[in-house]
Amino acid sequence: MQDFKDKTVVITGGATGIGFALAKVFGADGAKIVIGEPREARLQEAVAALGDLGIEASYIVCDVTDPASVEALADFAWDTHGHVDVLINNAGISIGPGRVTNLPLEKLHALFDVNFFGVWHGAAIFGKRMVAQGTPAAIYNLGSENSFFSAVPNNTAYLASKHAVHGLTVGLREEMPDFITVGLICPGWVGTELVDARLRHMTMDPDRFAAIVMEQVRAGEFYIVSHAYNMVHIDARYAELAKAYATYAPRYDGDEEYDVRLQIPNIIEALKD
């Protein structure tokens, strides 16, 4: 999808940070923006700011951890505009550092409720409606550089949540019909409210990041990336993995015998008996 004029773009967590920056860049292209998050005052401020830029925007209070609230967001978007063309599952939180051995489980569950289940709710609820709508559409989930490697030590809960979003998005792409694009937006260190204000001068500006995202959205990319140095960490991770396979599970003639993906037709046939 390259032209967003008069398209409806729904962004969870769209009042601040990356979500708000994406609202501006899609809106500048003529899209009608719908944003949702729990803080109504911030939603009102964001819609007013978008209006000052000449962008048509509206909001509804939404808690992505509650499927009924996400259904209400979808109802609002379709009732307001008659169609939804893009969903950006952007809402996310951080709970700060915490080791696996001492992180309170309630904090872990709270993190996954937003960062993973919130994305799942959006993908499931909007995806079903987009399939029924039957027109070209797109779902973009907010992953992270943490979807590929550990960016910050002792931040394992956040790391695991973003790895989970990666897996969800890979599977969702396979499940959706061809007319629905699915992508994983993978920010690195961007200056949002998740970053201590004293450190934001060290980060990528959200507007710069949104411009990088839009270029890749127009190109139809699945992995939407930004911070170039990430490849150093990604290469190190996959070099370690490749070494393990080369040493203990090297390729051999006929090694597809245990590959589940290749064996699916045979599995289906076997299960008929």
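Keep in mind it's a predicted model, so treat the numbers as computed, not measured. (Residues numbered from 1 in each chain as written. Predicted model: local features only at pLDDT ≥ 70, side-chain atom pairs only at ≥ 80, totals over all residues. Heavy atoms only, no water.)

Draft legend 1. Seen up close, the sheet that holds strand S5 (residues 137-142). With respect to topology, 7 strands assemble into an open sheet ordered S3-S2-S1-S4-S5-S6-S7, the strand pairing being parallel. At either margin of the open sheet sits one strand with a lone partner, and together these are strand S3 (57-61) and strand S7 (223-224). Pairing of S5 with strand S6 (residues 180-185), which is carried by 6 bridges, proceeds in the parallel orientation. For Ala-137, the partnering residue across the bridge sits in S6 and is Ile-180. Strands in contact with helix H1 (residues 17-28) are strand S1 (8-12), strand S2 (32-37), strand S4 (86-89), S5 and S6; relative to S1, the strand with the most contacts, it is inclined by about 170 degrees. (Pairing = 2+ DSSP bridges. Helix = DSSP H or I, 4+ residues; strand = E, 2+ residues; numbered from the N terminus. Contact = heavy atoms within 4.5 Å. Axes fitted to C-alpha atoms, helices over the stretch in contact; angles between N-to-C directions.)

Draft legend 2. Region of the structure containing the nonpolar core. Residues Leu-22, Phe-26, Ile-33, Ile-88 and Ile-185 are the most contacted members of the largest nonpolar core, which totals 33 residues. Counting only elements with at least two residues in this core, the list comes to S1, H1, S2, helix H2 (40-52), S4, S5 and helix H7 (206-218). It is H1 that provides the largest number of residues to this core, a total of 6 residues. In terms of nonpolar packing, the next biggest core, distinct from the first, is built from 25 residues, Cys-62, Leu-87, Ala-123 and Val-182 among them. (Core = buried A, V, L, I, M, F, W, Y, C linked by side-chain atoms within 4.5 Å. Buried < 20%, exposed > 50% of the residue type's maximum accessible area, 1.4 Å probe, protein only.)

Draft legend 3. Spatial organisation of the pattern of salt bridges. Counted by the stated rule, this structure contains 12 salt bridges. The closest approach of N and O atoms between Asp-75 and Arg-129, which form a salt bridge, is 2.8 Å. In this pair, Asp-75 sits in helix H3 (residues 67-81) while Arg-129 sits in helix H5 (residues 117-133), placing the two residues 54 residues apart along the sequence. For Arg-129, a relative accessible area of 23% corresponds to the partly exposed category. Taking the shortest distance from any N to any O, the salt bridge between Arg-261 and Glu-174 comes out at 2.8 Å. Taken together, the residues Arg-261 in helix H9 (residues 260-271) and Glu-174 in helix H6 (residues 156-175) connect sequence positions 87 residues apart. Residues participating in the shared-partner salt-bridge network are Glu-37, Arg-39, Arg-42, Glu-45 and Glu-193. (Salt bridge = Lys/Arg side-chain N within 4 Å of Asp/Glu carboxyl O.)

Draft legend 4. Expanded view of a nonpolar patch on the surface. Where nonpolar side chains cluster on the molecular surface, the patch consists of Val-260, Ile-264, Ile-267, Ile-268 and Leu-271 and spans about 480 Å² of accessible area. Looking at where Leu-271 falls in the secondary structure, it is placed in helix H9. Relative accessible area serves as the criterion here: at 68%, Leu-271 is assigned to the exposed category. (Patch = residues over 30% accessible without salt bridge, like charges linked within 9 Å, V, L, I, M, F, W, Y side chains within 5 Å. Areas by Shrake-Rupley, 256 points an atom, 1.4 Å probe, with all protein chains shown as cover.)

Draft legend 5. H2, seen in detail. Helix length check: H2, at 13 residues, gives a terminal C-alpha distance of 18 Å against a target of 18 Å (1.5 Å per residue), a fit within 8%. Buried within H2 we find Leu-43, Ala-46, Val-47 and Leu-50. Down the axis, H2 shows its buried residues gathered within 100 degrees of arc, on one side only. In H2, the exposed residues that point more than 90 degrees away from the buried face are Glu-45 and Asp-52. Tucked into the core, H2 has its buried residues touching H1, S2 and S3. Immediately downstream of H2, the backbone of Gly-54 shows phi near 80 degrees, a positive value. (Expected span 1.5 Å × (residues − 1). Arc of directions from axis to C-beta.)

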